[in-house]
There are 2 protein chains.
Amino acid sequence: MLSIGELSRKTGVKVPTIRYYEQMKLVTAPERSEGNQRRYSNVELERLTFIKHARDLGLKIDAIRELLDLSAHPEQPCEDANRIAEDHLVATRERIAQLQRLEAELMRITTGCQGDSIKDCYVIQSLSDHALCQDGH
Amino acid sequence: MLSIGELSRKTGVKVPTIRYYEQMKLVTAPERSEGNQRRYSNVELERLTFIKHARDLGLKIDAIRELLDLSAHPEQPCEDANRIAEDHLVATRERIAQLQRLEAELMRITTGCQGDSIKDCYVIQSLSDHALCQDGH
DNA sequence: ATAATCTCTCTAGTGACTATAGCTTCAAGA
DNA sequence: TCTTGAAGCTATAGTCACTAGAGAGATTAT
Ligand SMILES: [Zn+2]
Ligand SMILES: [Zn+2]
Ligand SMILES: [Zn+2]
Ligand SMILES: [Zn+2]
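Overview of the structure. (Residues numbered from 1 in each chain as written. Chains lettered and ligands numbered in written order. Predicted model: local features only at pLDDT ≥ 70, side-chain atom pairs only at ≥ 80, totals over all residues. Heavy atoms only, no water.)

### Quick notes on the pattern of salt bridges
If the charged atoms of two oppositely charged side chains come close together, the side chains can form a pair. Across all of its chains, the model carries 19 salt bridges over all chains by this definition. Note that Lys 119 of chain A is salt-bridged to Glu 75 of chain B, the shortest N-O span being 3.6 Å. Linking Lys 119 of chain A in the loop between α5 (79-111) and α6 (122-128) with Glu 75 of chain B in the loop between α4 (61-71) and α5 (79-111), this pair reaches from one chain into another. Assessed through its relative accessible area of 45%, Lys 119 of chain A is described here as partly exposed. Given a relative accessible area of 60%, Glu 75 of chain B falls into the exposed group. Residue Arg 38 of chain B is joined to Glu 22 of chain B by a salt bridge in which the shortest nitrogen-to-oxygen separation is 2.7 Å. Highlighted residues: Arg 38 of chain B in strand β2 (residues 38-39) and Glu 22 of chain B in helix α2 (residues 15-23), separated in sequence by 16 residues. Of the residues examined, Arg 38 of chain B reaches a relative accessible area of 17% and is grouped as buried. Glu 22 of chain B gets classed as buried once you look at its relative accessible area, which sits at 15%. (Salt bridge = Lys/Arg side-chain N within 4 Å of Asp/Glu carboxyl O. Helix = DSSP H or I, 4+ residues; strand = E, 2+ residues; numbered from the N terminus. Buried < 20%, exposed > 50% of the residue type's maximum accessible area, 1.4 Å probe, protein only.)

### With respect to the relation of the copies chain A and chain B
Superposition record for chain A on chain B: RMSD 0.1 Å, screw rotation 180°, translation along axis 0.0 Å. With respect to symmetry, the two chain copies, as superposed, fit the operation of a two-fold axis. Relative to the rotation axis, the closest C-alpha in chain A is found at Ile 96 of chain A, a distance of 2.9 Å. Most of the interface of chain A is mirrored in chain B, where 100% of its interface residues again form contacts. (Least-squares fit on C-alpha atoms with pLDDT ≥ 70 in both. Contact = heavy atoms within 4.5 Å.)

### Structural notes on the packing of helix α3 (residues 42-56) of chain B against α4 of chain B
Residue and element names in this part refer to chain B. Look at α3 against α4: their axes get within 10 Å of each other, and the N-to-C directions meet at 140°. Here α3 lies oblique to α4, going by the angle between them. Considering only the axes of α3 and α4, their crossing is right-handed. Only Ile 61, Ile 64, Leu 67 and Leu 68 of α4 make contact with α3, whose side of the interface consists of Arg 47, Phe 50, Ile 51, Ala 54 and Arg 55. Residue composition of the contact of α3 with α4, grouped by class: seven nonpolar, no polar and two charged. (Axes fitted to C-alpha atoms, helices over the stretch in contact; angles between N-to-C directions. Parallel < 35°, antiparallel > 145°, perpendicular 65-115°, else oblique. Left-handed = near helix turned anticlockwise from the far one by under 90°. Nonpolar A, V, L, I, M, F, W, Y, C, P; charged D, E, K, R; others polar.)

Given below as structure tokens:
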């Protein structure tokens, strides 16, 4: 049986975050010691490891909840799990594309200023006037 | 003189957001009509246009506040403005790089599943076991 | 036994908005 | 002028995924 601190060290999830996940019903409330402290078994260790990995990959809590529910039904088809992962991949790609447009614009802006005074600063001018931009953001 | 709705339409910033910016002291409280409604001049239109553009480029409110303060002193050197823009460019690039690592991992995961049942689902397995990943995230 | 560390609950704060409720004001048509 | 409907007002709470802090109690090591 693990204390919350030990579970935290093993998973890399911070102690207050574990308690937050319990509140959000992402993990079920574990057993308690005589003195009311949480005591975790390997089942919870594995579940929290799953959650951590999914969060690190950028999945939202709701998506993770769905995936956890699905993994509790091993005989069901896995199309829903695949769809969740694919949707997240698509969203990630869209986010990358958007950030790349911003990157191009920011590069143009930062390299355009010769470091004179504010009244001639190309950074300030560019922010004041979107017409100087190459792209629609 | 513009009402808040007209200002919203001209800038693309939603009405509640304009009021929020006023609360955050990003824009100063404008004049009021006899009936206590906000009335904006072109000064505020330009300022809000600047803010909108900076937000669209991903700058944080605090950075925008600094840039607005700087642009009020036209004779000062502009190195601080350049630094803010460059810092944001660096942060944007880091974010892109991180998302690209996630994208690669998600692509591997989503293409790895042949759509069988949950107990054989490669999506679920990958989330359970970071050792299957190619990269550290 | 004592000290150091951990854990408990509860509340509030973060960033940048968004939504709702219940009210008042404004502008335009009849 | 009266009326109606849109727009605006304030204040409060909700979003997401945590993070910080206070003040009390539990556990562990010496
Ligand atoms: Zn400059
Ligand atoms: Zn632009
Ligand atoms: Zn699958
Ligand atoms: Zn991984």
